[in-house]
Structures are given as C-alpha cells and as structure tokens.
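Okay, here's what each chain looks like letter by letter:
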Amino acid sequence: MRRFAYHEPATLEDASRLLTDLGDDAHVFAGGTDLLVEIRERLRRVSDVVNIKSIPGMSDITWDEATGLTFGALVTARQLETLRGVQETYPNFAEALRQLGSIQVRGRATVVGNICRASPSADTIPPLIADRAIIHIYSPRGMRRIPLAEFFTGPGRTVLARGEIATGIVVPPPARQSGRAYIKHGRRKAMELATVGVAVSLERDGDRCLEARIALGAVGPVVLRAAGAEAILKGADLTDETLARAGEAAMADCTPISNVRASADYRRNMVGVLTRRALRTAMEANA
Amino acid sequence: MKQIVELTLNGEPREMAAEGHRSLLDCLREELGLTGTKKGCDVGDCGACTVFVDGQPINACLMLAVEARGRTVETVEGLRPEGDVLHPLQEAFMRHGASQCGFCTPGILMMARKLLEENPDPTDAEIRFGLSGNICRCTGYTKIFDAVRSAARDIRQAGQQEATS
C-alpha cells in the first residue's frame, strides 16, 4: 500500500483543523472501504488519512414515529440493514443496503461515507433522497443541515468545504398512506455497481397520488429527481396509464452517459421500465 | 512510525507492531505469521481475507492494522475447536471436495461459520446471499453450497444429540 500519515483526532474540532491545515490530499476515513481502495489503486492522491472513528457521538441510531430515522456518520451499512425498524419502515433503503457490496464490506462501510463519496451510482443515495433525508454537517463556523438532494454538485463532488465533516443523516418518518421501493439494475446480482437505480416514495389517498418522489441513480452526474414524472403523478389517479406516462417522463428526466457498464440508450430505456415497476411496488406496499 | 497494537487474536492476547498505513491483512500475515488469511484482490472484492472483528466479518485488506487496537480478531486459524479436531465446516468441505486450489477456502469457511451461527438452517438463497462476497474461481460454487448445507445438518444434529443426552 502507498504510504500515508495516519491521524486519529478525538474531536470534530481537531479533525476539522487537521483537514484544513493538511490541505486537499488529506481525507476523512470512516469505513475506509472506498478510500483504501482508491489509495491502493492509485485513483486518489492521499498524503494524510484522518480517522474519525474515535470521535464520540456519531455511532448512534435512533428511530421513532415523530422524528423518523437518525444515524451518525460512523454507523455501518450492515448495522442499518439488520435493523427491523429500517426493514419495516424504509424497505427502499433496506433493499439498497442489501445491494451494497458484500456483507463484509457493509460491516465496515458507513452510509454517510457512501453518500460523501458522491458516486452517481451509489445505492444508498436514491432512496434517501426519495425520502427527503437531511444531512448534518459540522463546519468550523457551526453546524448546518441541508437536504440530501442539494448535497451533490457532480460526480465525486459535494457542497462540503475544506474542514467540513458530514456527521449524520435524518430521514423523516413516512406519511400515513405511503409506500416505497428501490430497484437496482445490474448485470449480476452480487458485488455489482448499479447500471440504473430507481427509488420511489409514494404518498396517496386511496387510488389518488398525493405526491411521488422519484430518485434516479447512475443516469446523470448526480442522483437526479425525476421532476417530470413526479409532476404527472401528483394529484393523478394511479392507473396503468398514469404509471406508463410517468415512466416515459422519467426517461426524459434523466441524462445518462454510455460507459463500460451500459449505453446511454439502454440506461434510458431501463429508467422507463424500472420507474414503472418501482411505482407499482410502492403502490402495492402501501399500508 | 510503528505503533504497538494490542489485540485479542483467536482468544489470546497478542501485540503487533504496525505502521499507520498498513492493512490488518498484511500485519496478520507478515507480523504475526498467520498466513491462513489470504490476500486475493486486496481491494475488498474477493473475500479471501475475511476475518471477524468483534464478531463482525470484514475484509482484513480494508481495515488498517492500527484500528485493531483493543479489538477481538478471529482468523481461520481459530476455527478449529481444539488442536486436532476440525470444525464441522472443515470436515464437510473435505467430504464434498468443496476446495480445489484452496485460496478462497479460508474466507469462505469464516463467512459460512458466521452464516450458520446466525441461521442454523439456511435456505439455498440464504446461503448464496451469505457467501455473495466470496469469490471462488475453481468450483463453480455447487460443492461449496453442498458442503455448507451438509455442515449445517451436522451441527444441528450434534446440537440435538447434546440436548437429549
């Protein structure tokens, strides 16, 4: 492995100061499942690794009906995946977690790390955006909270400024008549990066859609909201025809590229199919 | 700069000298001489380096050795219940020819052990899900799944005999 200096600060203040002083080649280390790979494969220049795991207060998970799900930056994907409250309340998020890497990787990988890596194909991002998650950020000037949908500025890029550290996520509680789904599309079932990922969170009153939030992964520079499809669904009766029109609108909402995993045309077609399917699953899951 | 890392390794207190940038995998193999844990891909894809840290299976290549301070680490060398007694999974892997070149076997044994501890009677789908982070390029997996099913039966039967005796 390439050499780097290792730091283990005890407070957010110390970690933030280290990151500010050491410059752009210093990186936060939480789960390490992306960072150590990037160091080993020389995808990222890293002079200093700042392990934030000794900082207290970022390992908790809480769930209640009033505030929803809250978890800190050190909570692993596997911890959340195996939590009954997550499985029952956020099946879209639970499905995304099951699809992320392997059990061994999820035992180390943190969800906040998966988010901060800001890959357009990251599995955990679409369901969290569809459920209006808020990300909490420590900044030397104080804490700030922003909607996850506004956190990403490009592939691998976020609004985090130098010295800022994401500390946790809050997912609001689900509305009463609501259902959710996440469908990951890949060439194989295990250890795969998403070719397309579609997350849906649907609120309804009987057969009428009150609001639908659709987040599309791996078909744009960041995870996208399918605004056109959402506009068609809002206030509409949830018929086969509405779902088909929403699927078509989602195809127009996305901006995929062709790469080694799939062509842009294929991705766009899959967005149509998977949006329809995810909407159907979310409707049927409706409590 | 090397740091002394104290840990519990396969039930025994141990210490190792580790530089901050070295992986747990490299230190297990090179500092402590425990070469049962294999280095396959070194980027968390193949599962050959699976060990338990505080009971959680992880890829030892994706953990820094200095992070093991104060933790409990279990490797394939700790799988055998006693010196000359094999674990039922090891017996079953031999019986079924579930190991060919053997490079993936330590990681698969560790992962299968975790699977059966949590779920003594897994379905085929659950076995596949449990082992999906372990890549084998020889067997085509069929014999591995046969061996895990067989070991699960053996462990359950042993448990029942113990309960009735």
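The shown structure was predicted, so the numbers you read here are calculated from the model rather than taken from an experiment.

A.B. asks: Teacher, can you tell me more about the overall build of chain A here?
C.D. replies: Across its full length, chain A carries 11 helices and 14 strands. Scaling as 2.2 N^0.38, a compact globule of 287 residues should have a C-alpha radius of gyration of about 19 Å, and chain A matches this with 19 Å. The principal-axis extents of the C-alpha atoms in chain A amount to approximately 60 × 45 × 35 Å. The 287 residues of chain A split such that 50% are buried. In chain A, the share of contacts with a sequence separation of at least 24, taken over all contacts with a separation of at least 6, comes to 64%.

A.B. asks: What is the right way to look at the overall build of chain B in this model?
C.D. replies: Check the secondary structure of chain B and you find five helices and five strands. In sequence order, chain B lays out its α and β elements as β-β-α-β-β-β-α-α-α-α. Compactness check: chain B gives a C-alpha radius of gyration of 16 Å against a globular reference of 15 Å for 165 residues, within 12% of the reference. Along the longest, intermediate and shortest principal axes, the C-alpha atoms of chain B span 55 × 40 × 25 Å. Residue burial in chain B is summarised as follows: out of 165 residues, 46% are buried. If you take every contact in chain B between residues at least 6 apart in sequence, the share linking residues at least 24 apart comes to 58%.

A.B. asks: How do you make sense of the environment of Arg 144 of chain A when you look at a structure like this?
C.D. replies: Assignment of secondary structure puts Arg 144 of chain A in strand β7 (residues 142-147). The contacts of Arg 144 of chain A, once residues within four sequence positions are left out, are Ile 137 and Ser 139 of chain A.

A.B. asks: Whenever I open this one, the packing of helix α3 (residues 105-118) of chain B against helix α5 (residues 142-164) of chain B confuses me. Can you help?
C.D. replies: To describe two helices that pack against each other, one gives the angle between their axes and the distance between the axes. Residues and elements named next belong to chain B. Contact geometry for α3 and α5: axes closest at 11 Å, N-to-C directions at 45°. In terms of orientation, α3 lies oblique with respect to α5. Relative to α5, the crossing made by α3 is right-handed. In contact with Ile 108, Ala 112 and Leu 116 of α3, α5 contributes Ile 144, Val 148, Ala 151, Ala 152 and Ile 155.

A.B. asks: Would you take a moment to explain the domain arrangement of chain B for this structure?
C.D. replies: All names here are of chain B. In terms of domain boundaries, chain B breaks down into domain 1 (2-78) and domain 2 (88-164). Listed per partner, the contact involves 14 residues of domain 1 and 11 residues of domain 2. Counting residues per element, the side of domain 1 that touches domain 2 draws most heavily on strand β3 (residues 50-53), which supplies three residues.

A.B. asks: What is the right way to look at the nonpolar core in this model?
C.D. replies: In a soluble, globular protein the nonpolar side chains are often hidden away together inside. Counting 138 residues, the largest nonpolar core has Val 198, Val 200, Ile 214, Leu 216, Ala 250 and Val 271 of chain A as its most contacted members. With seven residues, the single largest contributor to this core is α3 of chain B. Setting aside chain neighbours within four positions, we find Ala 250 of chain A in contact with Ile 214, Leu 216, Ala 226, Ala 229, Val 271, Gly 272 and Thr 275 of chain A.

A.B. asks: Got a minute to help me understand the interface of chain A and chain B in this structure?
C.D. replies: By a widely used convention, the size of an interface equals the accessible area lost when the partners come together. Contact residues are listed per partner, giving 19 residues for chain A and 21 residues for chain B. When contributions to the side of chain A that touches chain B are tallied by element, the ones reaching two or more residues are β1 (5-7), α2 (35-40) and α6 (103-106) of chain A.

A.B. asks: Any chance you could explain helix α5 (residues 91-98) of chain A here in plain terms?
C.D. replies: Quick reminder: α-helices carry 3.6 residues per turn. Residues three or four places apart thus point the same way. Residue and element names in this part refer to chain A. Of all the eight residues making up α5, six are buried; the element is thus mostly covered by neighbouring parts of the structure. Turning to α5, its buried residues are Asn 92, Phe 93, Ala 94, Glu 95, Ala 96 and Leu 97. Here the buried face of α5 lies against α3 (77-81), α4 (84-89), α6, α8 (125-130), β11 (178-185) and β12 (196-205).

A.B. asks: What is the right way to read unusual backbone geometry from this model?
C.D. replies: Most of the time, phi is negative for any residue but glycine, and the peptide bond is trans. Residue and element names in this part refer to chain A. One non-glycine residue, Arg 42, lies in positive phi territory at about 55°. Overall, the presence of 9 C-beta atoms within 10 Å leaves Arg 42 in the exposed class. Despite not being glycine, Met 191 has its phi angle at roughly 50°, a positive value. Tracing the chain through its elements places Met 191 in the loop between β11 and β12.

A.B. asks: Would you explain the sheet that holds strand β2 (residues 12-19) of chain B in this entry?
C.D. replies: Pairing between the strands of a sheet is mediated by backbone hydrogen bonds and can be parallel or antiparallel. Residues and elements named next belong to chain B. Here five strands make up an open sheet; going across it, the order is β2-β1-β5-β3-β4 and the pairing mixed. The open sheet has two edge strands with one neighbour each: β2 and β4 (56-59). With strand direction ignored, the average angle separating the axes of adjacent strands in the sheet is 40°. The pairing of strand β1 (residues 2-9) with β2 spans eight bridges and is antiparallel. Considered in β2, the bridge of Lys 2 is made with Glu 19.

A.B. asks: Any chance you could explain α5 of chain B here in plain terms?
C.D. replies: Residues and elements named next belong to chain B. With 23 residues, α5 should cover 33 Å at 1.5 Å per step; its first-to-last C-alpha distance of 33 Å lies within 8% of that length. Within α5 the residues assigned to the buried category are Ile 144, Ala 147, Val 148, Ala 151 and Ala 152. Buried residues in α5 make contact with α2 (88-96), α3 and α4 (124-130).

A.B. asks: For this particular structure, what's the right way to read the environment of Cys 138 of chain B?
C.D. replies: Residues and elements named next belong to chain B. By secondary structure assignment, the location of Cys 138 is in the loop between α4 and α5. A residue is classified by how many C-beta atoms lie within 10 Å of it, and Cys 138, with 15 of them, is partly exposed. Sequence separation of Cys 138 and Cys 101 is 37 residues, and the distance between their C-alpha atoms is 7.0 Å.

A.B. asks: So what exactly am I meant to see when it comes to the sheet that holds strand β5 (residues 68-72) of chain A here?
C.D. replies: All names here are of chain A. An order of β4-β5-β10-β6-β7 is seen for the five strands of this open sheet, with the pairing classed as antiparallel. Every other strand in the sheet has two partners, leaving β4 (61-64) and β7 as the edge strands with one partner each. Taking each pair of neighbouring strands and ignoring which way they run, the sheet shows an average axis angle of 20°. Direction of pairing for β4 relative to β5: antiparallel, over a ladder of four bridges. Paired with Ile 61 across the strands is Phe 71, a residue of β5.

Calculation criteria
Residues numbered from 1 in each chain as written. Chains lettered and ligands numbered in written order. Predicted model: local features only at pLDDT ≥ 70, side-chain atom pairs only at ≥ 80, totals over all residues. Helix = DSSP H or I, 4+ residues; strand = E, 2+ residues; numbered from the N terminus. Rg over C-alpha atoms; globule rule 2.2 N^0.38 Å. Buried ≥ 20, exposed ≤ 12 C-beta atoms within 10 Å, placed from the backbone. Contact = placed C-beta atoms within 7 Å. Axes fitted to C-alpha atoms, helices over the stretch in contact; angles between N-to-C directions. Parallel < 35°, antiparallel > 145°, perpendicular 65-115°, else oblique. Left-handed = near helix turned anticlockwise from the far one by under 90°. Domains from an automatic or database assignment. Core = buried A, V, L, I, M, F, W, Y, C linked by C-beta atoms within 7 Å. Pairing = 2+ DSSP bridges. Expected span 1.5 Å × (residues − 1).

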